[in-house]
Amino acid sequence: MTVKTALDQGTRLLEDAHVAVPRLTAEVLLCHALRRERVYLYSHPEAELSEHIWIHYGRYLHERMRGKPTQYITGVQEFYGREFVVTPDVLIPRPETEHVIDAAIERVTRGSRVVDVGCGSGAIAATIALECDASVWASDISLAALHIASHNARRLGASVHYVAADLLDPFPAGSMDVVVSNPPYVGLGDRESLQREVRDFEPEVALYAGPTGNEIYQRLIREAERVLRPGGWLIFELGYRSLDAVRAMLDQRWSEVSTGPDLAGIPRVLCGRLSTEMSTSAPFANRAL
């Protein structure tokens, strides 16, 4: 079995299973089996695969044909130009979430205290820590996710403090300058409309917010009003069709409210600034996870 033959056969299998971008997927999976970069596939098309490599490649193809996301097979996903480790304990970082980073970079100033709520793989927190001169915290209700996030931060050399928490519960009032989040925003009634790769493999705690999908937004906004310092920013990712409902949750305590679209033109990021008349309390003392 040569590299070329393996690619051709893998592509056909994935096509028959109705897997998106079958050729690219076959290439990624074969590279994962070979532990090689994609250029190797086309510079060595006649290279013979060992039985060991073929067995691994076949297993990866079978897993992908059953719906398992490619990222959970390879264990990595690129985000904002960096490679993050991902497992089924964390949501796979999406390109759309990079717009959250862009919005944060515009608003995070030197020395800002930033918290990423529901950090998952840690992609947002680690990226902000590396892109901005800021003090960054990250919270998640899942201990397994926090371990993945802290592992990614160490790999990338990002300084992030991790806290096991349900949203912002342990953070004192007035302790943060920026709250950023990609929260769960899928309604329970929309479960069957999701792609099988998402519905059957990604962690439910990171997907579903409640019956409408807007429940976490409601809680996050109220908690951000307590945790942010006057003039602090709340930045979060919007779910599909959630803009109107979520925008209505921001009352007179919020100003400079704006939204940003993704590459498809869908409103994807919402930003709001807390009134400078809000009160604060004692500074926040944190202990890393």
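Just so we're clear, the structure is a prediction, and the values are computed from it rather than from any experiment.

Reading the values: the criteria
Residues numbered from 1 in each chain as written. Predicted model: local features only at pLDDT ≥ 70, side-chain atom pairs only at ≥ 80, totals over all residues. Heavy atoms only, no water. Core = buried A, V, L, I, M, F, W, Y, C linked by side-chain atoms within 4.5 Å. Buried < 20%, exposed > 50% of the residue type's maximum accessible area, 1.4 Å probe, protein only. Helix = DSSP H or I, 4+ residues; strand = E, 2+ residues; numbered from the N terminus. Contact = heavy atoms within 4.5 Å. Axes fitted to C-alpha atoms, helices over the stretch in contact; angles between N-to-C directions. Parallel < 35°, antiparallel > 145°, perpendicular 65-115°, else oblique. Left-handed = near helix turned anticlockwise from the far one by under 90°. Polar contact = N/O pair within 3.5 Å; in protein donor to acceptor, adjacent residues only side chain to side chain. Salt bridge = Lys/Arg side-chain N within 4 Å of Asp/Glu carboxyl O.

Draft legend 1. Looking closely at the nonpolar core. Core analysis: the biggest nonpolar cluster contains 31 residues, and Val114, Ile128, Val136, Val160, Tyr162 and Ile235 have the highest contact counts within it. Listing elements by their share of this core, those giving two or more residues are helix H6 (98-107), helix H7 (123-131), strand S4 (135-140), helix H8 (143-156), strand S5 (160-164), strand S6 (176-181), strand S9 (228-237) and strand S11 (267-274). Non-local contacts of Val160, meaning those with residues more than four positions away in its chain, are made with Ala125, Ala126, Ala129, Val136, Trp137 and Ala138. Of all hydrophobic cores here, the second largest spans 27 residues; its members include Val115, Val163, Ile221 and Val227.

Draft legend 2. Fine view of the packing of helix H2 (residues 22-34) against helix H4 (residues 51-65). One way to put it is that H2 packs onto H4 with a least axis distance of 9 Å and a crossing angle of 140°. Compared by their axis directions, H2 and H4 come out oblique. Note that H2 runs across H4; the crossing there is right-handed. Here Thr25, Ala26, Leu29, Leu30, His32, Ala33 and Leu34 of H2 lie close against H4, whose contacting residues are Ile53, His56, Tyr57, Tyr60, Leu61 and Arg64.

Draft legend 3. Local environment of the environment of Ala248. With respect to the element layout, Ala248 can be found in the loop between helix H12 (243-247) and strand S10 (254-261). Owing to a relative accessible area of 64%, Ala248 belongs among the exposed residues under this scheme. C-alpha of Ala248 to C-alpha of Leu207: the two residues are 41 residues apart in sequence and 22 Å apart in space.

Draft legend 4. View of the side chain of Ser142. Looking at the element boundaries, Ser142 is found in the loop between S4 and H8. Only 3.4 Å separates the side chain of Ser142 from the backbone nitrogen of Ala144, close enough to count as a polar contact.

Draft legend 5. Looking closely at the side chain of Ser150. When you line up the elements, Ser150 lands in helix H8. A relative accessible area of 12% places Ser150 in the buried class. There is a polar contact of 3.0 Å between the side chain of Ser150 and the backbone oxygen of His147.

Draft legend 6. Inspection of the pattern of salt bridges at higher detail. Throughout the structure, instances matching the rule amount to 24 salt bridges. A salt bridge links Arg82 to Glu131, with the shortest nitrogen-to-oxygen separation between them at 2.9 Å. With a gap of 49 residues between them, Arg82 in strand S2 (residues 82-85) and Glu131 in helix H7 connect regions that are remote in the sequence. The partner of Glu106 in a salt bridge is Arg107, with the nearest N and O atoms 3.4 Å apart. A relative accessible area of 64% means that Glu106 is categorised as exposed. By relative accessible area, which is 17% here, Arg107 ends up buried. Among the ionic contacts, a cluster of salt bridges with common partners joins Lys4, Asp8, Arg23, Glu27 and Arg38.

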